[in-house]
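Observations on the three-dimensional arrangement
Residue-level listing of the chains:
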Amino acid sequence: MAAPELAQTDPEGIEGVRMTWHNWPKSKVEASKCVIPIAASIQPIRPHVELQTLPYAPLRCKTCSAVLNPFCRVDYTALIWICPFCFQRNNFPHHYHSLSQTNLPAELYPNFLSIEYSIPNNQNHPQNYAPQPSPPIYLFVLDTCMIEEELNFAKSALNRAIGMLPENAMVGFMSYGTQVQVHELGFSDMSKVYVFRGSKELSKDQVLEQLGLGVSGGRRAGQGIQKGGGGGPSPIAGVGPNSGINRFLLPASECEYTLNSLLDELATDQWPVAPGNRSLRCTGVALSVAAGLLGASMAGTGARIIALVGGPCTEGPGSIVSKDLSDPVRSHKDLDKDAAPFFRKAVHFYNEIGKQLVNQGHVLDVFASALDQVGIAEMKVAIERTGGLIVLAESFGHSVFKDSFKRIFEDGEQSLGLSFNGTLEINCSKDVKVQGIIGPCTSLEKKGPTVASTVIGQGNTTAWKMCGLDKSTCLTVFFDVSSSEKSDPAGMNPDLYIQFLTSYQSPDGQMRLRVTTVTRRWVDNTMGNEDLIQGFDQEVAAVVVARFVSYKMEIEEGFDATKWLDRNLIRLCSKFGDYRKDDPTSFMLNPCFSLFPQFMFNLRRSQFIQVFNNSPDETAYFRILLNRETISNAAVMIQPSLISYAFNALPGPALLDVQSIGPDRILLLDSYFSVVIFHGMTIAQWRNMGYQNEPEHLGFAHLLQAPQDDAQLIIRDRFPVPRLVVCDQHGSQARFLLAKLNPSATYNNAHEMMNAGSDVIFTDDVSLQVFIDHLQRLAVQAS
Amino acid sequence: MATPGGPRPRNFPPNYNPNALANNLQNLQVSQPNQQHSSNLGGNAPRPPNTTPFGQQPPSFAGSRPGPPPPGVFPRGPVPPSVQAQTTLPPNMVSTRPTGPPMGSQPPPPFASRPPPPGALPSSIGGHSALGSRPGPFSSSPLPSGPSAPSYTNTSGPVGNGPPAFASGMIQNGPRFPPGVGSMPRPAVGPPQSPTLLSSGPSSHPPQMRPGFGGLNSGASSTMGQPGPPFSGPPQNMPPPLGSMPFSAPVPGMLQSSGSPYGMQTWPPHPQQMVPPPPTAGPMQQQPMFGMPPPPPLPNQSMALSQTGQSKIDPNQIPRLAPSSTVILHETRQENQANPPPPATSDYIVKDTGNCSPRYMRCTINQIPCTVDLLSTSAMQLALLVQPLALSHPSEEPIQVVDFGESGPVRCSRCKGYINPFMKFIDQGRRFICNLCGFTDETPRDYHCNLGPDGRRRDAYERPELCRGTVEFVASKEYMVRDPMPAVFFFLIDVSMNAIQTGATAAACSAINQVIADLPDGPQTMVGIATFDSTVHFYSLKRALQQPLMLIVPDIQDVYTPLQSDVIVQLAECRQHLEILLESIPSMFQNNRTADSAFGAAVKAAFLSMKSTGGKLLVFQSVLPSVGIGSLSSREAEGRSNASAGEKEALKLLQPVDKTLKTMAIEFAEYQVCVDLFITTQTYVDIASLSVVPRTTGGQVYYYYPFSALCDSAKLYNDLRWNVTRPQGFEAVMRVRCSQGIQVQEYSGNFCKRIPTDVDLPAIDCDKTIMVSLKHDDKLQEGSECAFQCALLYTTVYGQRRIRVSTLSLSCTNTLSNMFRSADLDTQFACILKQAANEIPSAPPAQVRDQATNVCINILFAYRKFCATVSSNGQLILPEALRLLPLYALALLKSNGLRSDGRLDDRSFWINHVSPLPTPLVIPLVYPRMIAIHDLEEKASDDSVIPTTIPLLSENLTDEGIYLLENGEDCLIYVASSVDPNILQQMFGISSVEEISNQFILQQYDNSLSKKLNAIVNEIRRQRSSYLRLRLCRKGDSSGMLFFSYMVEDKTPSGLSYVEFLVHIHRLIQTKMA
């Protein structure tokens, strides 16, 4: 199914909004009967060819501060517009005088449901923290507790990155191992480094003071010297609190040389590691010092901490495991049994760093490359709340890291469009309530009438902070319907409106405001499900369910995800399926729902639900990406796409089933985190014999090449860069494919299912067919 | 320094010979003419400025430089080359480059020339004559001269010393005699002198010589042997030194003598003579009490205090120091008996014949009382002053190193005493009896040797450990808990605003930069460097780096080391980086606006980085530590505003403010880190608190106040140089063992004590003395001997583990008079001084003063009561050996530490300075040496470099005179009001007294007067192993006041004059008697 999905053009459209239900049930009760929550997945700054950028400030409603949009009713003669959210009448200001039915400003064009305002910098917009475009800050934090080879990979990646930074970008550099070293780049006499001990937790003020950036430094100094020195000149008082930051952060153009030579000299951490112990690595303190350092930068300046982490934190606060190698890093089992002594404290520690960063409007990116876990599970919240990027790889020399890292700094087409200081506000029609958002953002706790009483994710607010966001950042907004049914006499207002206001600082430092206004219809499903069914977006629904269930797994102890999914799927099928009671064979699903059970089947088997196959770090990583990726990417994570290549057919989607394997086929599996090219046995033999090199077998060469090219296409657009696995049937790496396939053929039924050249999967998992059978049976039972 | 130092350390390694160090010393830099080329710094030997040809130096010195080490370049022979260069520079240069390198120095060519001062001996020796004798001598010598002399003599300083006889006629001769006389001023010289006198002139009449000085005289005579015929024979113990017996030859002869090995002696302690300077009428008048009337003849040791007291005292006759100019040859044992040592302040050469040299260990009494009662009756105290690594005289035999191989030195199995010449072998040598605990041990098989007919082992004379009082054993594995540590030198420099602006940082960096070249060579030597203000900055000196890397430790409440390695690196690997770094530090911090100083944190951080090895931490600190751990407050100001709180509060200011630094220091000591503190400041820095660190870790405090980059840079350099090049050891443990019946009561000095029996010394050097007080725990047998053994286990700078064992065996006595006769004045006084210093922070000043006075009175009283035969009530009777005790006691009362009007830091520094002070430096500290220098010309070159000394009485100063006064630390040059401008011009390059500024640098001008002055100063520096802080003083301002504050014999508003003090004492004794 993935293939058609891919082919589908731009389901998000200019709005960048997709909802589980296009038509909303009118009442809370009805909504809950729909099983799948009403939710919207939005990409707040999704680029679109038709997107207009207006060089002036938006008009806002006097009372609800919603922005003028195509759904406003406009009185051209009186030059008045009526806000669709609060029905307030607003006058157009003077410069809109020439407005007429034929002369509309862009924001009133009905096809510009999304529009962007570029806010002149001198203007003081309430949400605009930065009066001036300040260049973004990149603070690199490099772990040095690794073998030399790894360190060299990391250093060369940094070297390259620094060369790619815009000239005016401010750069800072820290390294850490047992201790944290903050490199003062602006000191010309010699290399200068501030060293912090890895074992001691420091507050932001302490960090600033110790770096000589504190305000309080002067105070204390004064007291000391005045008494002691007897008349020595007092310390110069005129120094502002931030004046010293330039010692640590310099424009890339000025410090490139310094940084490069510094990297040249940088060696692996020198502190001795006792045999049988892990390196002493103080990731926690390093991050808190980094956060503290950035705290000295001007408020509102976009900044990211780019941390390259090579292993678990073992020293000081934020440690995730003991130094002794014989203690393994916590597993899911340990977490379940509460047998991870470091976990809670570390989580709390990183959460605090996250909070601090959010307050400062800064981003934490983590690039972890290690064979062991590094503590992503603990850092997850800090990364996610700040909108940071995360890449988990096995080595700094691996393309997953190298290419991903490069992408951050790339310009132009490939650019991720990394933006800073985003704020999302949601205005909605009466009766629509916002429960919260799952995704890379933090609640700003801005209460309002549209805040729902139940909270999902970051809730209790109508505004969210996104310290870092990019083109593909995606948020899932959960809506609720007001419980007051009576207030809305039928037919009075069949439409509901939702407006998303995203202000952010674009990569070039400009402040932008993206306004997206969407409308949906209320439907009264007392008449039947037809409207609802037609308005169901099963792909979005699958992703939303996946995100929601992951969220519940994290916050609800002892939550049984599989059972929850099954129950909801059955409820859904019972409600929307077409069947005769108690007759499984009569069960039918509308095409709008038909793919959903399969999504659920794959979701149940996915890494999101079956966490025990992964480390907590991996799970955290997967979930962060699940929550922030676009719907189509997220769908691929849940249910990979499989394309088959063969001599006698065009490349085409294949069933995600073990039976798709054939000796004369090449399969290309995209499971988001990895892309697998799988050569059937015969193909592999041919290839090993080198037929592709012979001119008469050009066709074979093309056949071999085609999946490679397609894989590159996938890889090119994706961040993080997926791991590319090229394998042959029966090879050890084939497990990457087999794990994702429907086990229709297992050792239990091998003899009956096996067709020539196919494969079996050694598992006890049920196959899709069995799953569907059960589903039908249960769905038709009396509810 | 490289150049001059020819003999650098490398020589010694294998057999470390203490004398070698002397070599180091050589290079001390002494004053110089301005030389400094800044450019020069690098390493060439900037120092020696002298124009004077070095050639002249007596060759003998060159290699063997004797003991005292002055730091810098001392002109020793080799020096020469660079000199020229320097001289060329215009004097002004100096100013431009204040920080400059130390100055070059002049070589005092004449070392040799110094006549050996025998002086001191007499008194002590004399003692023996004791009772009976005392009256004799004195009485014999009439003091007649006293009175008569006065009028004339005084003018010429030198002359004064003489007995009146000279005075009368001779003055003019001045040049000739004076020198001669001066050198041998006091009685001590007795015998030799006479010849001199004779030859020199008519004037001499032997008898006179001494007459004046009652006590002294006697001393002299005694020295000789017997009182009676004083001059007749040389005392046995004073064997004429070598052939060169100084005295024999007339003045000129002296020079010759110089050829003799002893170029260097320690400074003769006793300031010269006693001259009675009766001279000027003016002054005289003022003190009517010293009546001119000739006092009755003094009995020997007794002072003629007439009953009525003062009026009877003739100031000219009262006991004063007798400078001796002769080198004494001292055998530590003769005729199987301990030989009482010469005065600590005299110049002597020791031959170790069984007992250790008195340089290493001396006892307050050279015969041990058999019982406690006897000891308490005498009122004297029993203590040892131990200076285990003391410098020896170049002519002395080096200490022998004995290697017992794997098994280690032979030791008593019970008390662990080390084998020594007094262990008695019995039973054909199969067993031996320990002289310390009396236990009988089996002789190890491979150490067995048959006994000879004399009952001694046949190999006794071949084995140093059986015939020498001091030997050094090679330590075997069992003496090492780890490999011997490398020689680690960590420099920690204050770069706070104040330090930068006063030039202290630059001075420190420049000094370090030059000193690096003098650090021991080889892989053993490791160096680290850090700077600090309100944070601590380390530097990674690893060679691979293109440039040093600065590592800042900002957490000054809770410090840590920023790197595990690379902060301390082998010197050989980082020399260049280090030089670059040191050159750039001052400019790097040029605009530093941080006024705070995190001293405590910096020291702690540096310690942490040295923790794994231990070593020396040299800290240059300029302001009161104001932040971080161990920060201090300006207590002084608080104390002042709080004056009403009274003495108790005031006392607290002399104690450390809290335990923080003490706790740190104990930890440092535990990890063998020794801290030396160089304080270059303009303000109060609370030395009372800071000094705890060096004190506890075996280090010391250097104090430059008020610091002047111009004047003090050279001293800073020389101090630092001496600090790192002098003989020293690391990770040392010391224990003193005593024979049964005596035990150690307490140790005191700069060290850390964790267990009562041992003293832990993270570092120990040749200048550190430890006082060991003893107590009886049993009776001793008369006629037996009581032994003391000091064992010091340490690591040399070359990484060898050694045990230096010094054994002193003294006879026991039941007779009080023997005790008095064998009392050691210098040692006793040193003990009194150190005890007083220890008391100061915890007792009110008045109480400390009373205590010190009482110690003195009690001793004199005991003597008076039990030993003196003379019954005249009116006489103050002084034991021969202790006759100067009252003078020293008086000087002590007037010293910086006991005066309550001084600055707090000055007092604290004094207290600290005294704590490890070696015996020979104790006396000059309280009773400085003063000489006249305006008439150097007249004295020509016919004498020792240093002219005769003048008693510290302001009457002795003339209006035309220029006087130099030094106490081993400071050197004041006082220019009186009507000095010949010509002399001023020649000496200081100024034309009038008014031009004297606070910032004084001694330069060498091209004239003989200036050269002589430089020679003198350099000689003093050499003797004191210290580059003196020079200051020019004139009457009428604070500098003059300072100078006059050293006139300890004067009457002052708060203190008695010497004569008054004697009277005072006498009265108290009389009261007691009654």
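Just so it is clear, the model here is predicted, and its values are computed rather than measured. (Residues numbered from 1 in each chain as written. Chains lettered and ligands numbered in written order. Predicted model: local features only at pLDDT ≥ 70, side-chain atom pairs only at ≥ 80, totals over all residues. Heavy atoms only, no water.)

Some points on the interface of chain B and chain A
In this assembly, 41 residues from chain B lie in contact with 29 residues from chain A. For the pair chain B and chain A, the summed buried surface comes to about 3000 Å²; carbon and sulfur atoms form 55% of the total. Of all residues in chain B, I552, Y560 and Q564 of chain B give up the largest surface area on contact with chain A, accounting jointly for 17% of the area buried on that side. Taken together, chain B and chain A are joined by three salt bridges. The closest approach of N and O atoms between K200 of chain A and D555 of chain B, which form a salt bridge, is 2.8 Å. (Contact = heavy atoms within 4.5 Å. Buried area = accessible area lost by both parts, 1.4 Å probe. Salt bridge = Lys/Arg side-chain N within 4 Å of Asp/Glu carboxyl O.)

Remarks on the nonpolar core
Here is a general trend for soluble globular proteins: nonpolar side chains tend to be buried in one another's company. Residues F479 of chain A together with I585 of chain B are the most contacted members of the largest nonpolar core, which totals 241 residues. Considering every element that reaches this core, the biggest residue donor is helix 13 (residues 538-555) of chain A, with eleven residues. Ignoring any residue separated from it by four or fewer positions in sequence, one finds F479 of chain A in contact with M19, W24, I38, A39, A40, V432, K433, V434, Q435, I498 and F500 of chain A. (Core = buried A, V, L, I, M, F, W, Y, C linked by side-chain atoms within 4.5 Å. Buried < 20%, exposed > 50% of the residue type's maximum accessible area, 1.4 Å probe, protein only. Helix = DSSP H or I, 4+ residues; strand = E, 2+ residues; numbered from the N terminus.)

Here's the deal with the pattern of salt bridges
Within this structure, the stated rule accounts for 64 salt bridges over all chains. Taking the shortest distance from any N to any O, the salt bridge between E472 of chain B and R802 of chain B comes out at 3.0 Å. In this pair, E472 of chain B is assigned in strand 13 (residues 470-474) and R802 of chain B in strand 27 (residues 801-813), connecting sequence segments 330 residues apart. Grouping residues by exposure puts E472 of chain B and R802 of chain B together as buried. Linked through salt bridges whose partners overlap, the residues forming this network are R197 and K200 of chain A together with D555 and D558 of chain B.

Quick word on unusual backbone geometry
Generally, phi is negative for residues other than glycine and the peptide bonds are trans, each holding for most cases. Cis rather than trans, the peptide bond between F719 of chain A and P720 of chain A has omega equal to -5°. For P720 of chain A, the position within the fold is in the loop between helix 20 (698-717) and strand 30 (723-728). In this structure, the amide linkage connecting Y705 of chain B to the following residue, P706 of chain B, adopts the cis form with an omega of -10°. Within the secondary structure, P706 of chain B is located in the loop between strand 21 (701-704) and helix 28 (709-725). For V35 of chain A, which is not glycine, the phi torsion reads 70° and is therefore positive. If you trace the backbone, V35 of chain A turns up in the loop between helix 2 (28-33) and strand 3 (39-42). Given the relative accessible area of 13%, V35 of chain A is considered buried. Residue L79 of chain A is not a glycine yet carries a positive backbone phi of 55°. Topologically, L79 of chain A is positioned in the loop between strand 5 (73-75) and strand 6 (80-82).

Concerning the UniProt feature "domain: Sec23/Sec24 beta-sandwich" (unreviewed entry) in chain B
The feature "domain: Sec23/Sec24 beta-sandwich" (unreviewed entry), as given by UniProt, occupies residues 729-813 of chain B in the numbering adopted here. Between the C-alpha atoms that bound residues 729-813 of chain B there is a distance of 37 Å. The span itself is 0% helix and 66% strand. (UniProt positions renumbered as here; feature names shortened; annotations may be inferred.)

A word on the packing of aromatic side chains
Counted under the stated rule, the structure contains 54 aromatic pairs over all chains. Here F349 of chain A and Y350 of chain A contribute two aromatic rings whose centre-to-centre distance is 5.4 Å and whose plane-to-plane angle is 75°, an arrangement assigned as edge-to-face. The same class applies to F349 of chain A and to Y350 of chain A, which are both buried. For the pair Y974 of chain B and F1043 of chain B, a centre-to-centre distance of 4.6 Å together with 10° between the ring planes defines the contact as stacked. In this pair, Y974 of chain B is assigned in strand 31 (residues 970-975) and F1043 of chain B in helix 38 (residues 1038-1045), connecting sequence segments 69 residues apart. Both residues of the pair, Y974 of chain B and F1043 of chain B, belong to the buried class. (Phe/Tyr/Trp six-rings, centres within 6.5 Å; stacked < 30°, edge-to-face > 60°.)

Overview of the environment of N814 of chain B
Residues and elements named next belong to chain B. Here N814 is to be found in the loop between strand 27 and helix 29 (816-821). Each C-alpha atom, one on N814 and one on N956, is 45 Å from the other, the two residues being 142 residues apart in sequence. Sequence-distant contacts of N814, defined by excluding residues within four places in its chain, comprise C370, L374 and E782.

Quick look at the UniProt feature "domain: Sec23/Sec24 helical" (unreviewed entry) in chain A
According to UniProt, the "domain: Sec23/Sec24 helical" (unreviewed entry) feature falls on residues 537-634 of chain A. Across residues 537-634 of chain A, helical content stands at 66% and strand content at 9%; the span's end C-alpha atoms are separated by 14 Å.

Considering the sheet that holds strand 7 (residues 89-91) of chain A
Residues and elements named next belong to chain A. Overall, antiparallel pairing links the three strands, which are arranged 5-6-7 in an open sheet. The open sheet terminates on both sides in strands that have one partner only, identified here as strand 5 and strand 7. Recorded for the sheet is a direction-independent mean angle of 25° between the axes of neighbouring strands. Examined bridge by bridge, strand 5 and strand 6 share three bridges and lie antiparallel to one another. Paired with V74 across the bridge in strand 6 is W81. (Pairing = 2+ DSSP bridges. Axes fitted to C-alpha atoms, helices over the stretch in contact; angles between N-to-C directions.)

Some remarks on the environment of P341 of chain B
With respect to the helices and strands, the residue P341 of chain B is situated in the loop between strand 4 (337-338) and strand 5 (348-351). Considered as a pair, P341 of chain B and I990 of chain B are 649 residues apart in the sequence and their alpha carbons are 46 Å apart.

With respect to the packing of helix 22 (residues 599-610) of chain B against helix 25 (residues 660-670) of chain B
Any two packed helices are characterised by how steeply their axes cross, that is the angle between the axes, and by the distance between the axes. Residue and element names in this part refer to chain B. At a minimum axis distance of 11 Å, the contact between helix 22 and helix 25 shows a crossing angle of 15°. Regarding the angle of helix 22 to helix 25, the classification is roughly parallel. Considering only the axes of helix 22 and helix 25, their crossing is left-handed. Packed against helix 22, whose contacting residues are F599, G600, V603, K604 and F607, the element helix 25 presents L661, M664, E667 and F668 at the interface. Partitioned by chemical class, the residues of the contact of helix 22 with helix 25 number six nonpolar, one polar and two charged. (Parallel < 35°, antiparallel > 145°, perpendicular 65-115°, else oblique. Left-handed = near helix turned anticlockwise from the far one by under 90°. Nonpolar A, V, L, I, M, F, W, Y, C, P; charged D, E, K, R; others polar.)

Topic: the side chain of K894 of chain B
Residue and element names in this part refer to chain B. Along the chain, K894 turns up in the loop between helix 32 (885-893) and helix 33 (904-914). Among the polar contacts made by the side chain of K894, one reaches the main-chain carbonyl oxygen of V1048 at a distance of 2.8 Å. If we skip the residues at most four places from it in the chain, K894 touches R899, V1048, E1049, D1050, T1052, G1055, L1056 and S1057. (Polar contact = N/O pair within 3.5 Å; in protein donor to acceptor, adjacent residues only side chain to side chain.)

What about the side chain of Q356 of chain A?
Residues and elements named next belong to chain A. Turning to its location among the elements, Q356 is positioned in helix 9 (residues 343-360). Assessed through its relative accessible area of 18%, Q356 is described here as buried. Contacts of Q356, omitting those with residues within four sequence positions, involve K204, A291 and G292.

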